[in-house]
Amino acid sequence: MPEKETIERAKEDEREGKSPSTQAGEFVREEMHHVREGKHGARSPQQAIAIGLSKARRAGVKLRAPKAGRASAQTRTKAQRDIRKGQSSRRRKPSATRSRATSRALKREPRSSESKNTLARQAHTAEQKQGSTSRRQAAMKAVRTKGKTGLKQAARKAASTRQRHQKAA
């Protein structure tokens, strides 16, 4: 069950008109924190991300299932099930036995999957999978949605990064 603050942050993102993936990011962030604080483990950063996305879909974030060929059939089926769960108003009490089994299995997983290095590696590979066009589009959208102060901060950050890179070269 996601924490109240996480759901609230995702709802705020929705009100601000941010994309479903940004809203889902709040749930992924929460999952990363859980692993870091030792609540449970994850075999890899990808597993933690998958758990977060599943929670987001069940919380009602309008995040589509991955397209065929992008993920395994099993992942697509699970995502579709999560979407249906998130849309239904009827809430069933989860099976205690199943919940216990899941949390015990996750507790046995390593905590090292959320170290800075593994997360950086995951981010890098994810970025490489995307084309330069989609990266540019994401940057352009960020410019549109950041607002004046956000743009100012981003410009300052870019300038300091450029300076740092020039000194290194």
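Computed from a predicted structure; not experimentally measured.

S.K.: Would you mind going over the pattern of salt bridges with me for this structure?
M.R.: Side chains that differ in charge, positive against negative, can pair when their charged atoms come close. Under the counting rule described, the total for this entry stands at 11 salt bridges. Residue Arg43 is joined to Glu109 by a salt bridge in which the shortest nitrogen-to-oxygen separation is 2.6 Å. Residue Arg43 is located in the loop between helix H2 (20-36) and helix H3 (45-58), and its partner Glu109 is located in the loop between helix H5 (96-107) and helix H6 (116-129); the two are separated by 66 residues in the primary sequence. According to the relative accessible area criterion, Glu109 is buried, its value standing at 13%. Taking the shortest distance from any N to any O, the salt bridge between Lys78 and Asp82 comes out at 3.0 Å. One end of the pair is Lys78 and the other is Asp82, both in helix H4 (residues 73-87) and four residues apart, which spans about a single turn. Overall, the relative accessible area of 33% leaves Lys78 in the partly exposed class. When its relative accessible area of 1% is taken as the criterion, Asp82 is described as buried. Among the charged side chains, a salt-bridge network with shared partners connects Arg9, Glu26 and Arg29.

Parameters at a glance
Residues numbered from 1 in each chain as written. Predicted model: local features only at pLDDT ≥ 70, side-chain atom pairs only at ≥ 80, totals over all residues. Heavy atoms only, no water. Salt bridge = Lys/Arg side-chain N within 4 Å of Asp/Glu carboxyl O. Helix = DSSP H or I, 4+ residues; strand = E, 2+ residues; numbered from the N terminus. Buried < 20%, exposed > 50% of the residue type's maximum accessible area, 1.4 Å probe, protein only.

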